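Analysis of the macromolecular model
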Amino acid sequence: MYKVFWCKVNKYYLNKWLAYFEQNNQDVSKDLIIATCVVTDRAKNKRLKEVRQALEKNQKVYITWCGVFEKWEKMSDEQFYSIYPELSEFKNEIELLGEEPGRIDTREVATHEFKKTNLYTKKFVMIQNGCDTHCTFCLTILKRGKNRSRTLEDIIMEINEFVAGGGKEIVLTGINLAAWWSESTRKPEQSKFSDLLESIIKYTSVPRIRISSLGPEFLDEKFFELMKNQRFLPHFHFSIQSFSDKVLKLMNRNYDAALLDSVLTRIRNLERPDKELISIGADIITGFPGETAEEFEKTVEGVRKYVITKLHAFPFSAHEKWESVPAAKLPEQIPFSDRKKRNAELMLVGDHVRNEFLLKNKWKKHIVLVEWKQRGKIHAWTENYIQVELDGEYKKGDLVEVML
Ligand code: SF4
């Protein structure tokens, strides 16, 4: 059994570990493999609860990813149990796993070296890992280590292998994926992300390409030109965090509201031959230290103005539990109850924007990818990231035309 918390990079590596166990005839079906996340205290608590429940059921537990990492390396048991002393009585039932099986030297072992069916209908393709941006609210950076990119050849080979096996949709992912092939994520001008996208179009025939969380500071002219190609699905998710210059500065983000305006306006006005209504997603933190009511209003206005149709918003986490972040020491901390109130207010605005978007998609034709079946219902996603339920005899991986 496995549990994945949060990001698509976790899903990518989970695939590798399960392939590895299978390849080594290691039956982990009765154990729990838990992909952990430290993005907020809430994520840490949820994970710990899952681990405890499994241990109380005498399950063997494999714990991996951000909860057991330090600068890309697996923590020692001593280090791990000094952070989570409440788990030390279960030492014999817990095994900490590194980022991926069989890493030789520093070269990452590509998935195609482990022969196993893919856990998911679509393929998560990790292109970049780590980060050097040092946002003041981020713990991930302490876990994932320095920015590094997979080679073009490895990525293309992995995609072509997936297509050869009948795969139809890939999701490009990473910790700061649009920084691909740059020396540092603080130097966006060095990124070769749009060159990679151009190569994927040229050297693979995968029909549906999704791009997960984008840093707005990395997107150049070629990127916007390429996004007119229908193989790139019209859903663009941005790691925005705030629309206020003051707050972005306090977060040590690598862009300002003017850059956000230019990028989001260009995406909103993209002219695509498929005339699909473009969906824009955003990660937002509410109640960041120093965020006044006026600054918060700028973020509310941003969600409306740029029509953010898929909003991931959560209240600032000061990481009071276990490991912490620089922003926890900033002045003008906002009480948690007020952070939550702002988050609820913003989510209401986000729901309203999304409902309008869904209405505009009514009576429109879409091609959906059948991803999974549950209780007799088939679940699928449109190109512009609307989830639909289908009746009928379809199998996972089918592309089906539907009218919403
Ligand atoms: S860009 Fe910022 S939030 Fe994202 S991983 Fe890097 S340091 Fe963390």
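Observations regarding the site of the ligand
- Contacts to the ligand come from C131, T133, H134, C135, F137, C138, I141, I175, N176 and R253.
- Among the residues forming the shell around the ligand, the class breakdown is six nonpolar, three polar and one charged.

Quick word on the domain arrangement of the protein chain
- Partitioning the protein chain into domains gives domain 1 (2–96), domain 2 (123–358) and domain 3 (365–403).
- Computed over C-alpha atoms only, the centres of domain 1 and domain 3 are separated by 32 Å.

So, the packing of helix α5 (residues 152–164) against helix α6 (residues 193–203)
- For the pair α5 and α6, the least separation of the axes is 11 Å and the interaxial angle reads 40°. By the angle between their directions, the pair α5 and α6 is classed as oblique. Classified by chirality, the crossing of α6 by α5 is right-handed. Across from L152, I155, I156, I159 and N160 in α5, the residues of α6 making contact are L196, S199, I200 and Y203.
- Each residue belonging to the contact of α5 with α6 can be placed in one class, and the counts come to seven nonpolar, two polar and no charged.

Topic: the packing of aromatic side chains
- Counted by the stated rule, this structure contains 14 aromatic pairs.
- A centroid spacing of 6.4 Å and a plane angle of 85° characterise the contact between F137 and F288, whose relative ring orientation is edge-to-face. Within this pair, whereas F137 is found in the loop between β7 (123–129) and α4 (140–144), its partner F288 is found in the loop between β12 (279–286) and α10 (293–305), the two being separated by 151 residues in sequence. Neither F137 nor F288 differs from the other in exposure class; each is buried.
- Lying over the aromatic face of W363, K362 brings its terminal NZ or CZ to 5.1 Å of the ring centre.

How each quantity is defined
- Residues numbered from 1 in each chain as written.
- Predicted model: local features only at pLDDT ≥ 70, side-chain atom pairs only at ≥ 80, totals over all residues.
- Heavy atoms only, no water.
- Near = heavy atom within 4 Å.
- Nonpolar A, V, L, I, M, F, W, Y, C, P; charged D, E, K, R; others polar.
- Domains from an automatic or database assignment.
- Axes fitted to C-alpha atoms, helices over the stretch in contact; angles between N-to-C directions.
- Helix = DSSP H or I, 4+ residues; strand = E, 2+ residues; numbered from the N terminus.
- Parallel < 35°, antiparallel > 145°, perpendicular 65-115°, else oblique.
- Left-handed = near helix turned anticlockwise from the far one by under 90°.
- Contact = heavy atoms within 4.5 Å.
- Phe/Tyr/Trp six-rings, centres within 6.5 Å; stacked < 30°, edge-to-face > 60°.
- Buried < 20%, exposed > 50% of the residue type's maximum accessible area, 1.4 Å probe, protein only.
- Lys NZ or Arg CZ within 6 Å of the ring centre and 35° of its normal.

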